[in-house]
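Next come the chains, spelled out residue by residue.
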Amino acid sequence: MQKNIVTKNLTHITTKVIQLMKEHDEKITMLTGYDFLTGKFLDAAKIEIILVGDSLGNVIQGNETTLPVTLEEMIYHTKIVKRGVTRALVVGDMTFMSYQVGADDAVRNCGRLMKETGCDAVKMEGGSYVAETVRRLVEIGIPVMGHLGLTPQSINKFGSYKTRGIEKTEADQIFKDALLLEKAGCFAIVLEKIPARLGKKISTVLKIPTIGIGAGPYCDGQVLVTQDMLGMIEEFKPRFVRKYMNLAQDMKSAFMHYISDVKEGKFPTNDESY
Ligand code: KIV
């Protein structure tokens with residue numbers, strides 16, 4: 001049974017609504033969006049949160065990692081997504097090195113993202129080293145979503161995208177970081193690629209919602225990269241991605257159909273001409 005007691009008649013989703021959803025046991029849905037039309041379709045489908053993720057570095061820009069994405073590019077994408085959205089909460093992702101230098105720099109850059117795009121909140125990766133920054137941002141009115149477990153901006157430190165928190169020491173650290181981020185004022189935390197039992201423990205202990213990606217079914221919400229769930233990325237097949245369609249195949253066959261129609265003189269017809 002789909003529960004939507006909190007969000008049923010709402011015309012705008014706020015961070016407070018997201019927190020109320022956890023209290024009322026209503027699952028939170030989040031997907032990524034990087035452009036106007038995707039924002040518009042996600043909003044029409046009544047998704048609660050649209051994340052303008054720095055995964056755009058991979059899926060839009062074709063980079064190996066998320067590291068090259070700049071704050072200017074994030075501002076551009078968040079602004080165009082926001083244009084298509086009236087209801088969903090739009091979260092802009094803080095790019096690599098836009099918040100790590102220090103709290104003052106982070107405040108300035110998060111402020112730019114909020115002010116220049118109209119997004120409703122920011123997301124940043126990391127535990128204890130961002131806690132003070134989170135506290136400062138929340139104090140001045142910038143809602144922050146945390147991100148723990150597999151944190152793709154640290155790929156060069158970890159050397160792989162493997163599951164995090166399998167070993168007890170790392171699991172304990174992720175758990176402690178989650179408590180710290182809650183205390184610092186995060187309104188929600190993304191948990192990426194950790195064992196389901198750790199996702200369950202964090203989700204049970206924390207009062208703020210957890211949003212999982214490869215973190216099992218016990219998180220308060222789920223997120224996927226939209227291009228993954230649409231089946232557009234053929235080479236990427238992690239266990240946690242459910243493909244709701246095979247858009248890569250459909251796009252390629254539509255392109256081929258168009259090419260053969262033009263070559264055979266079947267397009268345009270008189271009806272498609274002036
Ligand atoms: O950048 C992104 O899309 C993300 C999600 C995978 C949570 O951080």
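Description of the structure in this document. Since the model is a prediction, treat every value here as computed from it, not as a measurement.

### A look at helix H5 (residues 103-117)
Between the first and last C-alpha of H5 there are 21 Å, a value that for 15 residues agrees with the 21 Å anticipated at 1.5 Å per step. Of all the residues in H5, the buried ones are Ala 103, Ala 106, Val 107, Asn 109, Cys 110, Leu 113, Met 114 and Thr 117. Immediately downstream of H5, the backbone of Gly 118 shows phi near 80°, a positive value.

### Thoughts on the packing of aromatic side chains
Following the criterion strictly, the structure yields one aromatic pair and no others. Its guanidinium or amino end placed over the ring of Phe 175, Lys 201 lies 4.3 Å from that ring's centre, counting from NZ or CZ.

### Here's the deal with the sheet that holds strand E6 (residues 188-192)
Reading around the circumference, E1-E2-E3-E4-E5-E6-E7-E8 is the order of the eight strands in this closed barrel, with parallel pairing throughout. Taking the axes of each pair of neighbouring strands and ignoring which way they run, one obtains an average angle of 25° across the sheet. Pairing of strand E3 (residues 89-93) with strand E4 (residues 121-123), which is carried by three bridges, proceeds in the parallel orientation. For Asp 93, the partnering residue across the bridge sits in E4 and is Lys 123. Where helix H4 (residues 71-82) meets the sheet, its contacts fall on strand E2 (49-52) and E3, and the angle it forms with E2 comes to roughly 155°. Against the sheet, H5 engages E3 and E4, with an angle of about 130° to E4.

Here is what the cut-offs are and how they apply
Residues numbered from 1 in each chain as written. Predicted model: local features only at pLDDT ≥ 70, side-chain atom pairs only at ≥ 80, totals over all residues. Heavy atoms only, no water. Helix = DSSP H or I, 4+ residues; strand = E, 2+ residues; numbered from the N terminus. Expected span 1.5 Å × (residues − 1). Buried < 20%, exposed > 50% of the residue type's maximum accessible area, 1.4 Å probe, protein only. Phe/Tyr/Trp six-rings, centres within 6.5 Å; stacked < 30°, edge-to-face > 60°. Lys NZ or Arg CZ within 6 Å of the ring centre and 35° of its normal. Pairing = 2+ DSSP bridges. Axes fitted to C-alpha atoms, helices over the stretch in contact; angles between N-to-C directions. Contact = heavy atoms within 4.5 Å.

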